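Descriptive structure summary
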Amino acid sequence: MDPESFRHEAHRLADWIADYLASSSRYPVLANVSPGQVRAQLPAEAPAAGETFDAVFADFERIILPGITHWNHPGFFAYFAITGSGPGILGEFLSAALNQQAMLWRTSPAATELEAVTLRWLQRLIRLPDEFEGVIYDTASISTLHALAAARERAVPQVRERGMAGRSELGMFRVYCSDQTHSSIDKSVILLGLGQSSLRKIPSDDQFRMRTDALRAAIEEDRRSGITPLAVVATIGSTSTTSIDPVDEIATLCAQQRVWLHVDAAYAGVAAMTTEYQHLLTAAATADSLVVNPHKWLFTPFDCSVLYCRHMDVLRSAFSLIPAYLQTNDPSVVKNLMDTGIQLGRRFRALKLWMVMRHFGASGLRERLSEHMRLARLFASWVDESREFERLAPVPFSVVCFRAIAAGGDEGDAINERVVELVNRSGEVFISHTRLNGRFAIRLAIGNLHTTEEHVRRAWTLLNGAVIEASRLH
Ligand code: PLP
């Protein structure tokens, strides 16, 4: 693509994107395609000869766009609602253009240093002490994997050289989390060679918080059986209900037991920058590591996850490996990002985060987070006043779990499933579900920059309509 063609197409795309962002609500929020529909419209072979961008873009609009679920839609209330804000999108654009591969400081001094600066800014905004050092990965799953790899490096003698297989002298290791913890912890123990049976899920209380008494009992019981506690994962903002584990008590226990404490604050950690949650991470300040995802609730386009670790030296000793062709004569003060994890190459993700933080400023970020929490509380108040719905969990942040009172048991679940189906079929909103205490729960998550009170009211109206129809159809 010659420079003039690039200029032309880039301007055209910028116009298209600006229009799209201004009117994302004109699309159905949930992609209205059946499985295989997108694929069936695409040729099985790559084109033999090059094609014009015009032709490619026409197919983008005709084939790809209908298969897009619009996470930018203000009616997106599913999972954790997110937004790729304007400054973040521009950051991605520039980062793609620069095509940085920041494995070594010298392969991208700016990407390496901007990452350190931006993560220090974020760390101070969420009030984590400076002893933590941050690093960006793609997702929280990978951040947590690295945190637990560091915990393993510290707990298992010579694990780097000798691994764990066939070493009967090591005995068994254990990782603890609550029964509400995200499935990424399971995947981490699978990959780290600890096995899923090494993960002990501690029961949570009636507000879905890990029970510290049960955690203590589990650790003590394991020790008596010769099992070595390796790490505890506490969650601030759990996936289903956004519950907050008692991190202060858990941290004290971990310190007594000399066990690595990892805090999963992937979604809710950013709330610590608001006044109402200024103490959210106070107890986590003594943790060994903590993950927070700017791509979840900090308006940064997917993907961008940050791992803060107090012992980056341990993480580096787990992963640093410098083949001859990557050795450099750079001064020893230089940090090479390739040393902080399994991957060699690194995208320039800090650029979009830096642009987001500068565009909004701390006050702008705080305002948006507080507004989302206000909207969630407002929605929860409607649920509480309603005769049709009941709330199933506290609402500490911007997610509400509830269900139609309809009927009990399987019948009630079926009606609630139907309610979600009907509401989502409207194309105006997308709501997801979870299971709480064995019951189907509807889950409304607010996190999109374009979501206003009006959109939340519309969701409520649709839900009330759907509950009547679902009960009638039943
Ligand atoms: N931790 C929590 C609490 C989550 O809710 C999620 C996903 O929603 C994750 C971790 C995994 O996030 P990611 O998709 O960034 O791996």
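Our next topic: the overall build of the protein chain. If you tally the helices and strands in the protein chain, you get 15 helices and 11 strands. In terms of overall size, the protein chain behaves like a compact globule, its C-alpha atoms giving a radius of gyration of 24 Å where 474 residues would be expected to give roughly 23 Å. Considering only C-alpha atoms, the protein chain reaches an extent of 65 × 60 × 45 Å along its principal axes. Burial statistics for the protein chain: of 474 residues in total, 52% are counted as buried. Restricting to contacts in the protein chain with at least 6 residues of sequence separation, those with at least 24 account for 73%. Total accessible area on the protein chain is roughly 21,700 Å²; 53% of this is exposed by carbon and sulfur atoms. Between the centroid of the 48 positive side chains of the protein chain and the centroid of its 53 negative side chains there is a distance of 4 Å.

Along its 20 residues, helix α1 (residues 3-22) runs 28 Å from first to last C-alpha, staying within 8% of the 28 Å computed at 1.5 Å per residue. Looking at the packing, one finds that the buried side of α1 touches α3 (53-64) and α4 (86-98).

Bringing the domain arrangement of the protein chain into the picture now. Taken domain by domain, the protein chain consists of domain 1 (1-30 + 69-85 + 361-474) and domain 2 (101-347). Placing the centre of domain 1 and that of domain 2 at their C-alpha centroids yields a distance of 29 Å. The interface of domain 1 with domain 2 comprises 30 residues on the first partner and 27 residues on the second. Where domain 1 abuts domain 2, roughly 2,400 Å² becomes buried across the two surfaces, and 69% of that area is made up of carbon and sulfur atoms. Looking at the side of domain 1 facing domain 2, the largest losses of area belong to Phe80, Leu369 and Phe397, adding up to 30% of the total buried there. Inspection of the domain 1/domain 2 interface yields one salt bridge. A salt bridge links Glu276 to Arg377; the shortest N-O distance between them is 3.4 Å. When residues of the side of domain 1 that touches domain 2 are traced back to their parent elements, those giving at least two are α13 (350-385), β9 (399-404) and β10 (432-436). With nine residues, α13 is the single largest residue contributor to the side of domain 1 that touches domain 2. Considered class by class, the residues forming the side of domain 1 that touches domain 2 number 17 nonpolar, nine polar and four charged.

Bringing the site of the ligand into the picture now. Taken together, 13 residues surround the ligand, and among them Ala140, Ser141, Thr239, Asp264 and Asn293 come closest. Protein contact buries 87% of the 400 Å² of open area that the ligand shows by itself. In a pocket analysis with a 2 Å cut-off to the grid points, the ligand is assigned to the second largest pocket. Contributing elements (two or more residues each) for the shell around the ligand: α6 (140-155) and α11 (294-297). Residue composition of the shell around the ligand, by class: three nonpolar, eight polar and two charged.

Pairing is antiparallel across the open sheet formed by four strands, whose spatial order is β8-β9-β11-β10. Both outer strands of the open sheet, β8 (389-391) and β10, are each paired with one neighbouring strand and no more. In this sheet, neighbouring strand axes are inclined to one another by 40° on average, regardless of whether the strands run parallel or antiparallel. As defined by bridge partners, β8 adjoins β9 across three bridges and the pair is classed as antiparallel. Each residue of the ladder has a partner; that of Glu390, found in β9, is Arg403. Across the face of the sheet, α13 comes into contact with β8, β9 and β11 (439-445) while running at roughly 20° to β9.

Before going further, it helps to spend a moment on helix α9 (residues 212-224). Its 13 residues place the ends of α9 18 Å apart at the C-alpha level, agreeing with the 18 Å of an ideal helix rising 1.5 Å per residue. Every buried residue of α9 is listed here: Thr212, Ala214, Leu215, Ala218, Ile219 and Asp222. Seen along its axis, α9 keeps its buried residues to an arc of 160°; they face one direction. At the C-terminal side of α9, Gly226 shows a positive phi close to 80°.

Moving on, we get to the pattern of salt bridges. One pass over the structure, following the stated rule, counts 33 salt bridges. Across the pair Glu4 and Arg7 runs a salt bridge whose closest N-O atoms are separated by 3.3 Å. On the criterion of helical spacing, the pair formed by Glu4 and Arg7 is a turn pair, its members being three residues apart in helix α1. Of the charged contacts, one joins Lys335 and Glu133 as a salt bridge, the two residues approaching to 3.5 Å between their closest N and O atoms. Taken as a pair, Lys335 in the loop between α12 (312-319) and α13 and Glu133 in strand β1 (residues 133-137) lie far apart in primary sequence, 202 residues in all. Owing to a relative accessible area of 44%, Lys335 belongs among the partly exposed residues under this scheme. Glu133 sits in the partly exposed class, given a relative accessible area of 22%. One salt-bridge network, in which partners are shared between bridges, spans Glu92, Asp303, Arg347, Arg349 and Lys352.

What counts and how
- Residues numbered from 1 in each chain as written.
- Predicted model: local features only at pLDDT ≥ 70, side-chain atom pairs only at ≥ 80, totals over all residues.
- Heavy atoms only, no water.
- Helix = DSSP H or I, 4+ residues; strand = E, 2+ residues; numbered from the N terminus.
- Rg over C-alpha atoms; globule rule 2.2 N^0.38 Å.
- Buried < 20%, exposed > 50% of the residue type's maximum accessible area, 1.4 Å probe, protein only.
- Contact = heavy atoms within 4.5 Å.
- Areas by Shrake-Rupley, 256 points an atom, 1.4 Å probe, with all protein chains shown as cover.
- Lys, Arg positive; Asp, Glu negative; His and termini not counted.
- Charge placed at Lys NZ, Arg CZ, Asp CG, Glu CD.
- Expected span 1.5 Å × (residues − 1).
- Domains from an automatic or database assignment.
- Buried area = accessible area lost by both parts, 1.4 Å probe.
- Salt bridge = Lys/Arg side-chain N within 4 Å of Asp/Glu carboxyl O.
- Nonpolar A, V, L, I, M, F, W, Y, C, P; charged D, E, K, R; others polar.
- Near = heavy atom within 4 Å.
- 1 Å grid on protein atoms, 1.4 Å probe; cavity = no way out; pocket = protein on both sides within 12 Å on 5 of 7 lines; lining within 4 Å.
- Sits in = over half its atoms within 2 Å of the grid points.
- Pairing = 2+ DSSP bridges.
- Axes fitted to C-alpha atoms, helices over the stretch in contact; angles between N-to-C directions.
- Arc of directions from axis to C-beta.

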